[in-house]
Amino acid sequence: MPGRSLALALAVVLAAPAVAGCKNTSIIPGTEIPDTPDNREILQVIERFRTSFVRQDPAGILATAHPTYYDESGTDDPSDDIVYEELGPILRRRIAQLESVRFTIEYLEVYLRRDRATVNVWIDATFRLKPILGDDGMPRFPPRVVPKQDYAKFELIREGDSWLITKGI
């Protein structure tokens, strides 16, 4: 037993600098993401996406997407897959249906590998849809509120000196 106590004490002493070293690593405020130039730039791109969505600015959202953008929309059905060439028209149609947006993102993890990044997030949003009008211009259906709370994943690629989203919009 004394050997076991010594081994445990030695393990604690050797692990202490590693744990203490982690505490000295700065993080991006409001997250647990290490504050590195790449991580900061990546989160800034997703924030530009988010704020463009809140402003209901499809051109601003599209500006955060890479020309290789491709998304399966979370299904196995290829008919709802979205490619970059279709993204602008889809965004304009969907944004036109919105009356108001509340949209927050909690950044959970950033994984970097060379010129690729994956960002795991928690989305908390509410979308108020415009009323559907009848031929007489009067509302046929009242405005509808659609809440969204879910984990999501953004994938990005470095293009020159900047990062752009390839999946997740």
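Reference entry: report on the structure contained in this document. (Residues numbered from 1 in each chain as written. Predicted model: local features only at pLDDT ≥ 70, side-chain atom pairs only at ≥ 80, totals over all residues. Heavy atoms only, no water.)

### Notes on helix α4 (residues 84–96)
In an α-helix, one turn spans 3.6 residues; hence positions three or four apart end up facing the same way.
Okay, step 1: Its 13 residues place the ends of α4 19 Å apart at the C-alpha level, agreeing with the 18 Å of an ideal helix rising 1.5 Å per residue.
Okay, step 2: The complete set of buried residues in α4 reads L87, G88, I90, L91 and I95.
Okay, step 3: Buried-residue contacts for α4 involve α2 (37–54), α3 (58–62), β2 (82–83) and β3 (98–113). (Helix = DSSP H or I, 4+ residues; strand = E, 2+ residues; numbered from the N terminus. Expected span 1.5 Å × (residues − 1). Buried < 20%, exposed > 50% of the residue type's maximum accessible area, 1.4 Å probe, protein only. Contact = heavy atoms within 4.5 Å.)

### Things to note about the packing of aromatic side chains
Okay, step 1: Tallied over the full model, the rule gives seven aromatic pairs.
Okay, step 2: Geometrically, the ring pair formed by F49 and F53 is edge-to-face, given 6.0 Å between the ring centres and 70° between the ring planes. On the criterion of helical spacing, the pair formed by F49 and F53 is a turn pair, its members being four residues apart in helix α2. As far as burial versus exposure is concerned, F49 and F53 are alike and both buried. (Phe/Tyr/Trp six-rings, centres within 6.5 Å; stacked < 30°, edge-to-face > 60°.)

### Some points on unusual backbone geometry
Okay, step 1: The backbone of Q56 shows a phi angle near 60°, a positive value even though the residue is not glycine.
Okay, step 2: Even without being glycine, R114 reaches a positive phi, approximately 55°.
Okay, step 3: Within the secondary structure, R114 is located in the loop between β3 and β4 (116–129).

### Examining the side chain of D71
Okay, step 1: With respect to the helices, strands and loops of the structure, D71 is situated in strand β1 (residues 70–71).
Okay, step 2: Within polar-contact distance, the side chain of D71 engages the backbone nitrogen of G168 at 3.0 Å.
Okay, step 3: The contact partners of D71, leaving out residues within four places of it in the chain, are D80, D81, I82, K167, G168 and I169. (Polar contact = N/O pair within 3.5 Å; in protein donor to acceptor, adjacent residues only side chain to side chain.)

### Regarding α2
Okay, step 1: With 18 residues, α2 should cover 26 Å at 1.5 Å per step; its first-to-last C-alpha distance of 26 Å lies within 8% of that length.
Okay, step 2: Buried within α2 we find N39, I42, L43, V45, I46, F49, R50, S52 and F53.
Okay, step 3: Contact partners of the buried residues in α2: α3, α4, β3, β4, β7 (144–159) and β8 (162–167).
Okay, step 4: In the segment just after α2, Q56 is the residue with positive phi, at about 60°.

### Some thoughts on the pattern of salt bridges
Okay, step 1: Under the definition given, this model contains eight salt bridges.
Okay, step 2: Here E72 ties to K167 by a salt bridge, and the two come within 2.7 Å at their closest N and O atoms. In this pair, E72 sits in the loop between β1 and β2 while K167 sits in strand β8, placing the two residues 95 residues apart along the sequence.
Okay, step 3: The shortest N-O distance in the salt bridge between D124 and R102 comes to 3.1 Å. Residue D124 is located in strand β4, and its partner R102 is located in strand β3; the two are separated by 22 residues in the primary sequence.
Okay, step 4: With relative accessibility at 21%, the residue D124 sits in the partly exposed group. (Salt bridge = Lys/Arg side-chain N within 4 Å of Asp/Glu carboxyl O.)

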